[in-house]
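Fold and contact review
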Amino acid sequence: SVRRLAWIRRFVRNLKLRSTGSNDGRYTKFLLQVERKDSLLLIVKAAQSTEFADEILILNKGQQLPRRNKICRLYPLRIRKTECSELGAGYTNVRGRFWRTLYTRQKCTLSARLALQIHHDSMHGGLQLCISELRCSFWVISSEQMFRELIRNCVRCFRFNSRATHPLMGDL
């Protein structure tokens, strides 16, 4: 869905450029990484606006989240970017680069699709591998439980992790 959205956004951009009469900045053949990243960010913002509507409203007013809220323990920041904004936390790693972690909920369709994609990309890796890959760019609330369910319901993982049964000795 990220690629589809990126192609649609490129098509709309090329139409706008064609209507102005300029050919500068038109892309034709392959999607750029920047286009895919912008499309993913747009999808995350849309998912967050539906999943965290109350929290975003409270943070926009400049108030603090209630203590019983699950996001409150994660110290959310509001990161402003052009006319949209996303809910996330920023931190600096060892090399001094600023990273952004975007929050999503476990029940969100986006979280399930991201988890499935990471599970397949890591070649049906284990629980800790999938969680660490996901947490590089997203923070899914209750991600451990989500990946446990995913790995338990994965047919290939179930088949390869099964143990041979030893027949019980009959009565003599």
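What counts, and at which threshold
- Residues numbered from 1 in each chain as written.
- Predicted model: local features only at pLDDT ≥ 70, side-chain atom pairs only at ≥ 80, totals over all residues.
- Heavy atoms only, no water.
- Axes fitted to C-alpha atoms, helices over the stretch in contact; angles between N-to-C directions.
- Helix = DSSP H or I, 4+ residues; strand = E, 2+ residues; numbered from the N terminus.
- Parallel < 35°, antiparallel > 145°, perpendicular 65-115°, else oblique.
- Contact = heavy atoms within 4.5 Å.
- Nonpolar A, V, L, I, M, F, W, Y, C, P; charged D, E, K, R; others polar.
- Buried < 20%, exposed > 50% of the residue type's maximum accessible area, 1.4 Å probe, protein only.
- Core = buried A, V, L, I, M, F, W, Y, C linked by side-chain atoms within 4.5 Å.
- pLDDT = per-residue confidence, 0-100.
- Salt bridge = Lys/Arg side-chain N within 4 Å of Asp/Glu carboxyl O.

1. Re the packing of helix H1 (residues 2–20) against helix H2 (residues 33–51)
Where H1 contacts H2, the two axes come as close as 8 Å, and the packing angle between them is 110°. Between H1 and H2, the angle is such that the two are roughly perpendicular. On H2, the residues touching Val2, Arg3, Leu5, Ala6, Arg9 and Arg10 of H1 are Glu35, Arg36, Asp38, Ser39, Leu40, Leu42 and Ile43. Looking at the contact of H1 with H2, its residues break down into 6 nonpolar, 1 polar and 6 charged.

2. So, unusual backbone geometry
The backbone of methionine 123 sits at a positive phi, close to 55°, despite the residue not being glycine. In this fold, methionine 123 is placed in the loop between helix H4 (109–121) and helix H5 (127–134). Residue classification places methionine 123 among the exposed residues on the basis of a relative accessible area of 71%. Despite not being glycine, histidine 124 has its phi angle at roughly 60°, a positive value. By the element assignment, histidine 124 lies in the loop between H4 and H5. Histidine 124 gets classed as buried once you look at its relative accessible area, which sits at 19%.

3. Concerning the nonpolar core
Among soluble globular proteins, nonpolar side chains are generally buried collectively. Leu110, Leu134, Met146 and Phe147 are the most contacted members of the largest nonpolar core, which totals 15 residues. Of all elements in the fold, only H2, H4, H5, strand S4 (138–140) and helix H6 (143–153) reach the threshold of two or more residues within this core. It is H4 that contributes the most residues to this core, 4 residues altogether. Each residue touching phenylalanine 147, except ones within four places of it in the same chain, is listed here: Ala115, Ile118, Leu127, Cys130, Ile131 and Leu134. By size, the runner-up hydrophobic cluster in this structure holds 6 residues, among which are Phe52, Leu65, Ile71 and Ile141.

4. Points about the confidence of the model for the protein chain
Model confidence for the protein chain is summarised by a mean pLDDT of 79, while 80% of its residues fall at 70 or above. pLDDT under 50 marks residues 79–85. Its contacts with residues more than four places away, or in other chains, come to 13 contacts.

5. Here's the deal with the pattern of salt bridges
Summed over the entire model, instances satisfying the criterion amount to 2 salt bridges. Note that glutamate 144 and arginine 148 form a salt bridge whose closest N and O atoms lie 2.7 Å from each other. Within this pair, glutamate 144 and its partner arginine 148 are both found in helix H6, separated by 4 residues, close to a single helical turn. Assessed through its relative accessible area of 33%, glutamate 144 is described here as partly exposed.

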